[in-house]
Amino acid sequence: MMVPTERVLHESIQVNALDLTDDVKRQKIANLLTQMRLSSATARKIQDIFRSEMNKGIHLQPSSLQMENTYIPELPDGTEEGLFLALDLGGTNFRVLLLELVNGVVVREDVKKYHIDAHLRTDSGIPLFEYLAECVSNFVISEGLQDVELPLGFTFSFPMIQHSLEIGILVTWTKSFNCPDVVNKDAVQLLKDALARRGDTRVKVVAVLNDTTGTLIQGATQDRHTAIGLILGTGSNACYLERADKVEHWEPERHGEREVIIDIEWGAFGDNGVLDFIKTEFDLENDANSLMVNSFTFEKYISGKYLGEIVRIILVRLMKDGLLFTRQTSESLLIPGSFITDYVSLIEQDTVDGCWLHTKEVLAKFHIVPDEEDIKIVQYVCEVASNRAALLVSICLATLLDHMEREEVTIAVDGSLYKHHPRLESWMNKYISLLTPARKFKLIHAQDGSGKGAAIVAAIALRIKSRLE
Ligand code: BGC
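On a predicted model such as this, the values are computed, not experimentally measured, just so you know.

Caption draft 1: Molecular detail of the packing of aromatic side chains. Under the defined criterion, the tally for this structure stands at 15 aromatic pairs. Residues tryptophan 266 and phenylalanine 298 carry aromatic rings whose centres are separated by 5.9 Å and whose planes lie at 85° to one another, so their mutual orientation is edge-to-face. Taken together, the positions of tryptophan 266 in the loop between β11 (259-263) and α8 (281-288) and phenylalanine 298 in helix α9 (residues 297-302) put the pair 32 residues apart, joining distant regions of the chain. By relative accessible area, which is 0% here, phenylalanine 298 ends up buried. Over the aromatic face of phenylalanine 277 sits the side chain of lysine 45, whose NZ or CZ is 4.0 Å from the ring centroid. Positioned over the ring face of phenylalanine 158 is lysine 175, at 4.8 Å from the centre of the ring.

In structure tokens, the structure reads:
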């Protein structure tokens, strides 16, 4: 028999039932989507697996969680001062930022966004890093700072093996990047070399970091209990403050550090097969349509690059089975990648508001004029896929909170999916509380951690260096 708390958990993770007049159709759709629904027992099982994978990762045993040492052993203390450059590479846009810090607060911020063409993201790495260096030079020269020595924090939002605060060896590309010759190379060295070849600025790379790290650091300037950084955007990942004595991978000499930020790289959770039991036929197709097949299993269940695609795959299946859009067919819906995650957020907004406006607009882009039942089904599919993502993220966060054993933890979050989706945050608050009722936690939005956080990390890197000299 289910204990009462498990019953509450079980009941809370249900989505609203699909309300159709045609009972047979309703049953068929519900049956097909059962595979997307996680029971409370499954949630508990995933918690156990995540806990075990985290422990293995931190103890350097084979695990799908890298648990990488970032070598950032302290949070901002309000003394950070000066002019810093930040680079933010992770999505299809690359950003260069100039930030001035006074007493740990950003008082000036100039930002420029550069688009990275698909060929630069997927060919050889040399042109990519030449382009990054060119953008940096153009930016610095346009600011009239070419003769000033500028410390730079490089947000490189991909899995890295870090040998120090300024060495990051790329493990694998994710999201929309795949320049094969960069794998196993130091992204910082590639950037430094490209900048040196130009020789037209005095930029000095002092730290490399992940966007989750930048988010945690930025969050720490907003709330002193911040100890987790989370990105729910195109990709997904989290980092947290770990006790330094628990961390086995530590290459440079230790200097009495008490804690350090660990980059979990949870996008790869399940790449060793431990999560296969929740993989649906829709996930298999989503993976097959992706740039890096059989890689980043967990990210493909939850993140913004894939959520829309999962919904599209389900809608197409329902359409082909004669359960949806029976009065018309849509060719454009058959195109992989055509149903972006922002559409899911818009449709979810309708569900929250109890209306159809956005749903109709989105479907119109696919030349579909839906009837009332179609709308209900599309909204249901978006809800089921979004709810699974929220639950999976909450399972990992609850497990992480238990692992950290702190009295109070603020989770700093950033990312387009989190910002645009109307109810991820409320679901996460509910599910984390149910999964780990004794833990005190808070979710806050840390605006632009990958930019501002990079400048603050650069300042921390300089502070650590000057202490050791
Ligand atoms: C990368 C992480 C990153 C996350 C969010 C993932 O694909 O592996 O390093 O933090 O995306 O941008």
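Caption draft 2: Highlighting the site of the ligand. Around the ligand sit 15 residues, and of these Thr174, Asn210, Asp211, Glu265 and Glu299 come closest. At a separation of 2.9 Å, an oxygen atom of the ligand approaches a polar side-chain atom of lysine 175. At a separation of 2.7 Å, an oxygen atom of the ligand approaches a polar side-chain atom of asparagine 210. Computed on the free molecule, the ligand has an accessible area of 310 Å², of which 98% lies beneath the protein chains in the complex. When residues of the shell around the ligand are traced back to their parent elements, those giving at least two are α7 (211-222) and β10 (236-243). Class assignment of the residues belonging to the shell around the ligand gives a composition of four nonpolar, seven polar and four charged.

What counts as what
Residues numbered from 1 in each chain as written. Predicted model: local features only at pLDDT ≥ 70, side-chain atom pairs only at ≥ 80, totals over all residues. Heavy atoms only, no water. Phe/Tyr/Trp six-rings, centres within 6.5 Å; stacked < 30°, edge-to-face > 60°. Helix = DSSP H or I, 4+ residues; strand = E, 2+ residues; numbered from the N terminus. Buried < 20%, exposed > 50% of the residue type's maximum accessible area, 1.4 Å probe, protein only. Lys NZ or Arg CZ within 6 Å of the ring centre and 35° of its normal. Near = heavy atom within 4 Å. Polar contact = N/O pair within 3.5 Å; in protein donor to acceptor, adjacent residues only side chain to side chain. Areas by Shrake-Rupley, 256 points an atom, 1.4 Å probe, with all protein chains shown as cover. Nonpolar A, V, L, I, M, F, W, Y, C, P; charged D, E, K, R; others polar.

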